[in-house]
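# Geometric and topological summary
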Amino acid sequence: MPPNFVTDVIDADLTSGRVHQVVTRFPPEPNGYLHIGHAKAICLDFGLARDYGGRVHLRMDDTNPTTEDPEYVQAIQDDIAWLGFEWDELRYASDYFEALYQLALQLVERGLAYVDSQSEDAIRETRGTLTRPGIASPYRERSVPENLDLFRRMRAGEFADGAHVLRAKIDMASRTIVLRDPVLYRIKHAHHYRSGSSWPIYPLYDFAHPLSDALEGITHSLCSLEFENNRAIYDWLVAHLFPEPRPRQYEFARLDITHTVLSKRKLIALVRGGFVAGWDDPRMPTIAGQRRRGVPPAAIRAFATRVGVTRSPSRSEVALLDESIRDALNPVAPRVMAVTDPVPLELQGLPPELFEVAAPRFPDQPDSPTRQVPISARLLIERDDVALEPPAGFKRLAPGRAVRLRHAFVARCDAVELDEEGAVRAVRASVVPDSLGATPEGVRVWSAIHWVDAEAGAEAEFRLYDHLFDSDDPDAGDVPFTEHVAPDSLVVRLGTVEPSVLKDAPDTRYQFERLGYFWRDPDDGRADRLVFTRIVPLKDGWSKQRRAASPAGPRPSEQASDVDAGTPGPATTSPAASSRAASSVAPAQDDGDPIARLEGSARQQAERLRDQHGLEPAAAALIGASREFQQLFEQGLAAGAPGSDLAAWIANDVQRLRKLHGSVPSGLDGAALASLLTLVRERRVSVRSAREVLDEVARSGRHPETVVAERGLALQADPAALSAFVRDALSQHPDEVASYRAGKRGLLGFFVGQVMRASGGQADPAAVRAALTEALEVPQDG
RNA sequence: UGGCCCGUCGUCUAAUGGCAGGACAACCGGUUUUGGUCCGGUCGGUCGGGGUUCGAAUCCCUGCGGGCCAGCCA
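This structure is a prediction, so every number in the text was calculated from the model and none was measured. (Residues numbered from 1 in each chain as written. Chains lettered and ligands numbered in written order. Predicted model: local features only at pLDDT ≥ 70, side-chain atom pairs only at ≥ 80, totals over all residues. Heavy atoms only, no water.)

Now for the overall build of chain A. In terms of regular secondary structure, chain A is built from 26 helices and 25 strands. Against the globule reference of 28 Å for 782 residues, chain A gives a C-alpha radius of gyration of 36 Å, more extended than a compact globule. Within chain A, the fraction of its 782 residues that count as buried is 47%. The contacts in chain A between residues at least 6 apart in sequence include a share of 69% that link residues at least 24 apart. Put simply, chain A shows about 37500 Å² of open surface, and 50% of that area lies on carbon and sulfur atoms. Averaging the positions of the 91 positive and the 112 negative side-chain charges in chain A gives two centres separated by 2 Å. (Helix = DSSP H or I, 4+ residues; strand = E, 2+ residues; numbered from the N terminus. Rg over C-alpha atoms; globule rule 2.2 N^0.38 Å. Buried < 20%, exposed > 50% of the residue type's maximum accessible area, 1.4 Å probe, protein only. Contact = heavy atoms within 4.5 Å. Areas by Shrake-Rupley, 256 points an atom, 1.4 Å probe, with all protein chains shown as cover. Lys, Arg positive; Asp, Glu negative; His and termini not counted. Charge placed at Lys NZ, Arg CZ, Asp CG, Glu CD.)

So, in structure tokens, the structure goes:
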């Protein structure tokens, strides 16, 4: 697995010794089928465990008895195994019901949870809104004994559904809504597929999930971005109930792909609405659908690797998936000929003793095995390969033109017969002599086309699947997404295939030359009937060229987005498009006076800082608005630091530390800051080193002078040492020197970087720059 | 409207203060008995504004854009 932000975290945890072995988990709820979005998560969870020599648990997150079904438990395992992963342990959240109950009791005993007897509606209404805090339940201050009694009776089944819930006692006014006393347990007299009727209460996700992780010793709990907010309760619970090392949650962007939908709800709608033939319809993004279609699991793993793991919400092009599939199939799929839309071809002049030709199964490989392909005077060829009046750029069969019959002769078209409708009924052609396995002299061969012997070929059904939606974003716009289902996402044709396929293993994946990758449908095509499912078409330069040249207007998908873009009202353009549009028309902005935006004493302070100390309004506003910063500033000033320098350091670097730690580190005071500034002013450390010193001072509270001395960060000003660094940098990068002298002046920064790094950040950058410029400007002799 | 998160070629993603790189897509060319593969090349990007720094995609401020959160779902 290529490095990503999660592997960065793991690397840091391993080197710091916070954890010694990586333990991950994949936690599906058994209430539906896995899809390719889950596959991304699976590749991450299982791949991490594999790459780090760790362990991975498959855990059924089965805490809601009314939605879950054992059928899915098996399907999920099958899908993961098919993807090529093995779990170290299979777990069930329902196995932890007793342990979780005990943990909840602990919370109650410690006054950290209470039984709320409000109605569901009342709880919702008192939770507040995004902008308004919630208000406390009248039951919030129940005594511990009363809560204990009530919660035990909930567990004993004494109350009806909805009569009470257990809530964490956190903060009804929290700006993080998930912390406004989240519900931990609800009463549900329902049969659970594993625990039966032994539990009348069930824990909610926010309670069960973090604690299941902790119970299992999970170290890195990966989930998708929509659980970001839930991390607050995750951390609260494990911090109150478990010692370190506690599991930590990290969120990544879920997979999204063009020309499909990936939400459970929409997938169900497609199945229920009859838009597809079922969960394993080859057009479905489900694992089952992809498997049925013939996609190799390695292709899905490769795709998951190629999209990467980040925290940026993103949407990948389906072309990347298609290409991953072709990539996986191309080296392993034997080539075979099939005709999906047959037209008869009558051949004149075939050598009478010739009944078959040998054709390589892997034409690109020199020692490829071959198969025998029957040939006779009556062949079938693809309708698309014939034109009575060939359009511009057409390279296939037309009257008077000669083409190679793939793996066999060159044939010249003598006539094209049409039926009453003007469609091609048959083609007559003559064999060009001596063209079997040889290039005939003086004949223009336009291209090669595939064919199958009319008599010896095997009749077959071809299911030509394409992307389910013709719109790249079926959800965009104000019509239901199902309106975008492509009518031609499945085209069924009757045709013929060369008989060699009858001898192959039934699960062989082929490339039908010039058409695409196919395999026999595992449900309908493995017995007597030959039914081939198209896994993915080949890239098709010709149809692309025709589409580009076509004056008939945009394709359906383009049409759809055009309509969307032109529709007034709610924005329906893509995120990228709208942000571009917005930024290109954004007026030159007037930030106004940052001090004027402040209120009350903050504003007074800011004005005072500006007027008394001559600070820039931005810095004054920043410092004036924060008591910590003000104190730091005053202290620094008292220690003799110049106001403007002090302000700049506070605004930039102290601000950075405060964001990192949540507050100004206690080790840092104004006096320390002032003496650091003195070091910089007296050119005893570089600014770069000074930052490093600041971090260390903040961490340890030691004096800047001490840190500089101990770490050897004093500014390197010795000209001899400097020029040695410069010489080394130049001699180690001769190519860059040449580029620089050829005019690539941007490389100066590169060289400064090299020298700075070689000096451990201690060189005086201005001096380095000067020395480098001089050394680079004067080319040495030779 | 409060909080949290995210903005790098058309798309996905690297660069951990030091040469903005890769893949897919698009385009052009070469090889080819597949309009495929393979090979070579081209096009194309740090959301805007300010600041810190010798040096900013990266650090700070700000604006803009996007995502998530007000289930007794997960």
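Next comes the rest of the description.
Over its 14 residues, helix H16 (residues 600-613) runs 20 Å from end to end, which matches the ideal 20 Å to within 8%, given 1.5 Å per residue. Of the residues making up H16, those classed as buried are Ala602, Ala606 and Leu609. Along the axis of H16, the buried residues cluster in a sector spanning 60°; they form a single face. Within H16, the exposed residues directed more than 90 degrees away from the buried face are Gln604, Asp611 and Gln612. Positive backbone phi, approximately 65°, marks Gly614, located one or two places after H16. (Expected span 1.5 Å × (residues − 1). Arc of directions from axis to C-beta.)

Burial along strand S1 (residues 23-26) is two-sided: the residues Val23 and Arg25 and Thr24 and Phe26 are all buried. The β-α-β motif built from S1, the intervening helix H2 (residues 36-51) and the parallel element strand S2 (residues 55-60) has right-handed crossover chirality. (Right-handed = clockwise from strand over helix to strand, strands pointing away.)

Side chains bearing opposite charge may pair, as long as their charged atoms lie close to each other. All chains considered together, the criterion is met by 58 salt bridges. Ionic pairing is found between Glu216 and Arg59, a salt bridge with its closest N-O pair at 3.2 Å. Placement of Glu216 in helix H7 (residues 205-216) and of Arg59 in strand S2 is noted, with a sequence separation of 157 residues between them. Here Glu216 matches Arg59 in class, with each residue buried. For Arg292, the salt bridge goes to Asp523, with nearest N and O atoms at 3.5 Å. (Salt bridge = Lys/Arg side-chain N within 4 Å of Asp/Glu carboxyl O.)

The subject of this paragraph is the side chain of Asp79. Mapped onto the elements, Asp79 comes out in helix H3 (residues 70-83). Ignoring any residue separated from it by four or fewer positions in sequence, one finds Asp79 in contact with Leu34, Ile287, Ala288 and Arg291.

The next subject is the packing of aromatic side chains. Across all of its chains, the model carries 20 aromatic pairs by this definition. Look at Phe97 and Trp199: their rings are 6.0 Å apart centre to centre, the planes differ by 65°, and that puts the pair in the edge-to-face class. Taken as a pair, Phe97 in helix H4 (residues 97-109) and Trp199 in the loop between strand S6 (183-187) and strand S7 (201-203) lie far apart in primary sequence, 102 residues in all. For the pair Phe97 and Trp199, a shared accessibility class is recorded, and that class is buried. (Phe/Tyr/Trp six-rings, centres within 6.5 Å; stacked < 30°, edge-to-face > 60°.)

So, on to the sheet that holds strand S22 (residues 490-497). Pairing is mixed across the open sheet formed by seven strands, whose spatial order is S10-S23-S24-S25-S21-S22-S11. Strands at the two margins of the open sheet, each flanked by one partner only, are strand S10 (335-336) and strand S11 (338-339). Taken together, the two bridges between S10 and strand S23 (residues 509-512) define a ladder with parallel strand orientation. Considered in S23, the bridge of Arg335 is made with Gln511. Along the sheet, helix H12 (residues 318-329) contacts S23, strand S24 (516-520) and strand S25 (531-537); its crossing angle with S25, the most-contacted strand, is approximately 115°. (Pairing = 2+ DSSP bridges. Axes fitted to C-alpha atoms, helices over the stretch in contact; angles between N-to-C directions.)

Within the open sheet, the three strands sit side by side as S1-S2-S3. Their pairing is parallel. A single partner strand is all that each edge strand has here, and the edge strands are S1 and strand S3 (89-92). Going across the sheet, the axis of each strand differs from the next one's by a mean of 30°, ignoring polarity. As defined by bridge partners, S1 adjoins S2 across four bridges and the pair is classed as parallel. Opposite Phe26, over in S2, you have Leu58 as the bridge partner. Contacts between H3 and the sheet are confined to S1, S2 and S3, with S2 contributing the most and set at about 150° to the helix. Strands in contact with H7 are S1, S2 and S3; relative to S2, the strand with the most contacts, it is inclined by about 140°.

Here we come to the packing of helix H19 (residues 643-661) against helix H20 (residues 670-681). At their nearest, the axes of H19 and H20 sit 11 Å apart, and the two run at 105° to each other. One way to sum up the angle between H19 and H20 is to call them roughly perpendicular. Across the interface between the two elements, Asp645, Leu646, Trp649, Ile650 and Val654 of H19 pack against Leu673, Leu676, Leu677 and Val680 of H20. Of the residues assigned to the contact of H19 with H20, the class counts are eight nonpolar, no polar and one charged. (Parallel < 35°, antiparallel > 145°, perpendicular 65-115°, else oblique. Nonpolar A, V, L, I, M, F, W, Y, C, P; charged D, E, K, R; others polar.)

Turning our attention to the pairing of strand S9 (residues 248-252). Taken residue by residue, a regular strand's side chains alternate between the two faces of the sheet. Among the five residues that make up S9, four are buried, leaving the element largely enclosed by the rest of the structure. Note on the crossover from strand S8 (residues 220-224) through helix H8 (residues 231-241) to S9: the handedness is right-handed.

This structure, assessed with the given rule, holds zero disulfides. Not part of a disulfide, Cys43 finds its nearest cysteine sulfur in Cys223, a span of 17 Å. On the basis of relative accessibility, which here comes to 10%, the residue Cys43 falls in the buried class. Given the relative accessible area of 10%, Cys223 is considered buried. (Disulfide = S-S within 2.5 Å.)

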